[in-house]
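Summary of the model geometry
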Amino acid sequence: MMAAEFETQTGAETASAEERLRRLYAHPFVNLRTLARGAVPNRWDVIAFALLFGAFVLIAVGARQMAVPLARLPQEVSLDPSLLPWYALRTTLRMIAAMVASLAFSISYAYLAAKSRRAERVLVPALDILQSVPILGFLSFTYTFFLGLFPGSVLGAELASIFLIFTSQAWNMTFSIYQSLRTLPEDLVEASRSLRFSNRQRFWKLEMPFALPGLVWNMMMSMSGGWFFVVAAEAITVGNHTITLPGIGSYVAAAIAHRNIDAVVWAIATMLVVILLYDQLLFRPLVAWSERFRSDNELLEIETDSWVLRALQRSRLLGWLRGQLANYRARRRQRRRLRRTSHGHTAPRPLLAPWLFDGLWYGLIACGGAYGFWRIYDYLQESLGWGEVMHAVLLGLITLMRVMVLVGLASLVWVPIGVAIGLRPRLAAIAQPVAQFLAAFPANLFFPIAVALILRFDLNSDVWLSPLMILGTQWYILFNVVAGASQIPRDLRDAAHNLHLHGRLWWIKVILPAILPYYVTGAMTAAGGAWNASIVAELVSWGHTRLVAHGLGAYITAATEAGDYPRIVLGVAVMSLFVVALNRSLWRPLYRRAEERVGLEQE
């Protein structure tokens, strides 16, 4: 590939633009011999065709149901177990649609934040705020918007549900890509400069491949995080308005409302089957494919295997199509390069001096922030008194204490386990589906156990409901630590072994510095997820029994159920301020230290 590019550049200096263009367009797009050889299918073509055609059929069947009238939706889903496969399909399609949207958002948002200093000053704090807004906060203000886009159609409710799942998936993926782009090894950057990569080539050939291993693990965590909040996303209730979409989440909500243990067990079994299926069909191939992008080739001595990836790679027809697509893209790049050469290219001069542009940019940000604070202040002053504001702040402090204690305990448990899994590829292959299932397990299914134990032993709800907050978010720490440990170079581990670094010294000098950027990303998203999970963990229902723990999550949930928009705004604003303050005072300094450590190691 590089030799062909250098030959093209050499030819560009000796041949005229017209001759090069004529030669380029004369090159045949389809080679008949290759076409004849690729047209004969093999046994892998049958498997690949079955997988792809089956996926298209399932997507088409599920998408068709989005266009039915809203009036045809039942008020409550049936608890008949025979309907669970259909519900599982609908839920999985929503989560995959949200995953695609999350991936597109994460790549574009993280790239802009990592590459532009001016944009970073706005986008990173904005991401902190977006991560802190609970799913019910988004629901309260987007519910009417999406229903208004498609009045009388299920599509509006489906888009609202997909958007809510998106808000539980996107943020940790964005942080993962941002962290990878900011900690890119300097030797790889210098190599890309020496090869004269354009910004586009550098992104697709260096930056994105470097970010892929960590991104794939965070995609798995995001998919599991979507399961955690799928109950709130499919059984939508705001004030007196309720929409129940067919899915496993609404099935679980109905089972909890009717205190039907058998239905809960059926839902758990269905979730297990679905998670195992998309682990084999989606994430196991992605993990195996991402192995090729590791910066340390020696770690590939034990490769992750995937029969799906093997079928797609060995399919003769798919291989021929990939070759033709690569050929077409290469010739498009050559045509663009020829046009730039023939017309000349000069870098545009900036219209304003950099210092003046910075002043205007930050002034605009300050004005926008001041206006936003003034609008919130004016709204709350008209609707609520300062006593209510102080009450919400006090509840926020209680939830903050819970979050910090739970994240600290989860770190003590999952950092050593994550390092052990990340350093052992065989163990990672076994632990991956188990961790995915545990991370996907909705906290709502623990409500019967929590309510029964608290009532049976007369326990304090403020203390014993707290663990429900960390059940779905502790996995952010595990998955990111696994990704970080698996990226530790073999030569670094061998050097530590030769220097007889063991025990406490091995952790301090080798492991903790290597995984620190990944741990900070995981802990920061785990803390943000715990704030978000407080809306379901601080107010627990099992049938007609309700247990309430004092905290900001219960405050927002109660306001959402009552349709009290001023208190919803107050709760979300206070939660956002707490999360941003925590990120700025704790996680961001740790993140900068991790970046500095990476820079020192590269020097």
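Residues numbered from 1 in each chain as written. Predicted model: local features only at pLDDT ≥ 70, side-chain atom pairs only at ≥ 80, totals over all residues. Heavy atoms only, no water.

In this section: the overall build of the protein. Along its length, the protein carries 27 helices and four strands. Considering the protein as a whole, with its 603 residues, one finds that 48% of them fall into the buried category. Long-range pairs, those at least 24 residues apart, make up 82% of the contacts in the protein between residues at least 6 apart in sequence. For the protein, the computed accessible surface area is about 30100 Å², with 65% contributed by carbon and sulfur atoms. (Helix = DSSP H or I, 4+ residues; strand = E, 2+ residues; numbered from the N terminus. Buried < 20%, exposed > 50% of the residue type's maximum accessible area, 1.4 Å probe, protein only. Contact = heavy atoms within 4.5 Å. Areas by Shrake-Rupley, 256 points an atom, 1.4 Å probe, with all protein chains shown as cover.)

Before going further, it helps to spend a moment on empty space enclosed by the protein. Across all of its chains, the model carries four cavities of 30 Å³ or more by this definition. In this structure, the second largest cavity encloses a volume near 150 Å³. Elements with a minimum of two residues in the lining of the second largest cavity: helix H9 (170–182), helix H11 (199–228) and helix H25 (503–537). At four residues, the largest contribution of residues to the lining of the second largest cavity is made by H25. Among the residues making up the lining of the second largest cavity, the classes are represented as five nonpolar, twelve polar and no charged. (1 Å grid on protein atoms, 1.4 Å probe; cavity = no way out; pocket = protein on both sides within 12 Å on 5 of 7 lines; lining within 4 Å. Points joined across faces, edges and corners; volume = space filled by probe spheres on them. Nonpolar A, V, L, I, M, F, W, Y, C, P; charged D, E, K, R; others polar.)

As a further point, take the environment of Phe145. Looking at where Phe145 falls in the secondary structure, it is placed in helix H7 (residues 135–149). In sequence terms Phe145 and Gly156 are eleven residues apart; their C-alpha atoms lie 8.5 Å from each other.

To continue, consider the packing of helix H18 (residues 386–422) against helix H23 (residues 474–486). Packing of H18 against H23 leaves a shortest axis separation of 8 Å and a crossing angle of 35°. For the crossing formed where H18 meets H23, the hand is right-handed. Note on element contacts: H23 touches H18 through Gln474, Trp475, Ile477, Leu478, Val481, Val482, Ala485 and Ser486, opposite Val407, Ala410, Ser411, Trp414, Val415, Ile417, Gly418, Val419, Ile421 and Gly422. Class assignment of the residues belonging to the contact of H18 with H23 gives a composition of 13 nonpolar, five polar and no charged. (Axes fitted to C-alpha atoms, helices over the stretch in contact; angles between N-to-C directions. Left-handed = near helix turned anticlockwise from the far one by under 90°.)

Moving on, we come to the pattern of salt bridges. Scanning all chains against the criterion turns up twelve salt bridges. For Arg402, the salt bridge identified is with Glu538, shortest N-O distance 2.9 Å. On the criterion of sequence distance, the pair formed by Arg402 in helix H18 and Glu538 in the loop between H25 and strand S3 (539–542) is long-range, its members being 136 residues apart. Overall, Arg402 belongs to the buried group, its relative accessible area being 9%. The exposure class of Glu538 is buried, given its relative accessible area of 1%. Put simply, Arg90, Arg94, Glu158 and Glu234 are held in one network by salt bridges that share partners. (Salt bridge = Lys/Arg side-chain N within 4 Å of Asp/Glu carboxyl O.)

Let's shift gears to the nonpolar core. Trp227, Ile477 and Leu552 are the most contacted members of the largest nonpolar core, which has 121 residues in total. Broken down by element, the residue count for this core peaks at 13 residues, all from H25. Judged by nonpolar contacts, the second largest core, of nine residues, contains Tyr143, Leu147, Val154 and Leu245. (Core = buried A, V, L, I, M, F, W, Y, C linked by side-chain atoms within 4.5 Å.)

Before going further, it helps to spend a moment on the packing of aromatic side chains. In the structure shown here, the tally under the stated rule is 13 aromatic pairs. Here a set of aromatic residues connected by ring pairs shows up, and it is made of Phe105, Tyr109, Phe146, Phe163, Phe166 and Trp171. The aromatic ring of Phe197 is capped on one face by Lys205, whose charged end is 5.6 Å from the ring centroid. Positioned over the ring face of Phe457 is Arg456, at 5.3 Å from the centre of the ring. (Phe/Tyr/Trp six-rings, centres within 6.5 Å; stacked < 30°, edge-to-face > 60°. Lys NZ or Arg CZ within 6 Å of the ring centre and 35° of its normal.)

In this section: a nonpolar patch on the surface. Together, Ile47, Val273, Leu277, Leu281, Leu282 and Trp307 give the surface a local cluster of nonpolar side chains, amounting to about 500 Å² of exposed area. Checked against the element boundaries, Val273 lands in helix H14 (residues 261–290). (Patch = residues over 30% accessible without salt bridge, like charges linked within 9 Å, V, L, I, M, F, W, Y side chains within 5 Å.)

Turning our attention to the side chain of Thr91. Secondary-structure assignment places Thr91 in helix H5 (residues 84–115). Among the residues examined, Thr91 registers a relative accessible area of 0% and is labelled buried. Only 2.7 Å separates the side chain of Thr91 from the side chain of Glu234, close enough to count as a polar contact. Dropping the residues within four chain positions of it, Thr91 is found in contact with Trp227, Val230, Glu234, Gly247, Ile248 and Gly249. (Polar contact = N/O pair within 3.5 Å; in protein donor to acceptor, adjacent residues only side chain to side chain.)

In this model, helix H4 (residues 43–64) (22 residues) spans 32 Å end to end at C-alpha, consistent with the 32 Å of a helix rising 1.5 Å per residue. Among the residues of H4, Trp44, Asp45, Ala48 and Gly62 are the ones counted as buried. End-on view of H4: buried residues confined to an arc of 155°, all on one side of the axis. Summarising the geometry of H4, the exposed residues directed more than 90 degrees from the buried face are Arg43, Val46, Phe49 and Arg64. (Expected span 1.5 Å × (residues − 1). Arc of directions from axis to C-beta.)

Before going further, it helps to spend a moment on the side chain of Asn583. Positionally, Asn583 belongs in helix H27 (residues 565–602). Asn583 sits in the buried class, given a relative accessible area of 1%. In this structure Asn583 touches Asp128, Gln131, Met524, Arg588 and Pro589, once residues within four positions along its chain are discounted.

Glancing now at the packing of H18 against H25. Packed helices, taken two at a time, are described by the angle their axes make and the gap between the axes. Direction vectors running N to C along H18 and H25 enclose 140°, while the axes themselves pass 9 Å from each other. The angle between H18 and H25 places the two elements in the oblique class. The handedness of the crossing between H18 and H25 is right-handed. Between H18, through Gly396, Thr399, Leu400, Val403, Val407, Ser411, Val415, Pro416 and Val419, and H25, the contact on the second element is made entirely by Trp506, Trp507, Ile511, Ile515, Tyr519, Ala523, Ala526, Ala527, Ala530, Trp531 and Ser534. (Parallel < 35°, antiparallel > 145°, perpendicular 65-115°, else oblique.)

Attention now moves to the confidence of the model for the protein. Mean pLDDT over the protein: 77, with 81% of residues reaching 70 or higher. Per-residue pLDDT stays below 50 along residues 1–36; that stretch engages in 33 contacts with residues further than four places along the chain or on separate chains. This stretch, residues 297–302, has a pLDDT under 50; its non-local contacts, to residues over four places away or in other chains, come to eleven contacts. (pLDDT = per-residue confidence, 0-100.)

Positive phi values are uncommon outside glycine, yet Arg196 reaches one of about 60°. Inspection of the secondary structure assignment puts Arg196 in the loop between helix H10 (186–194) and H11. Of the residues examined, Arg196 reaches a relative accessible area of 69% and is grouped as exposed. Phi angles above zero are rare outside glycine, and Asp458 is one such case at about 55°. When you line up the elements, Asp458 lands in the loop between helix H20 (447–456) and helix H21 (461–464). Residue classification places Asp458 among the exposed positions, given a relative accessible area of 69%.

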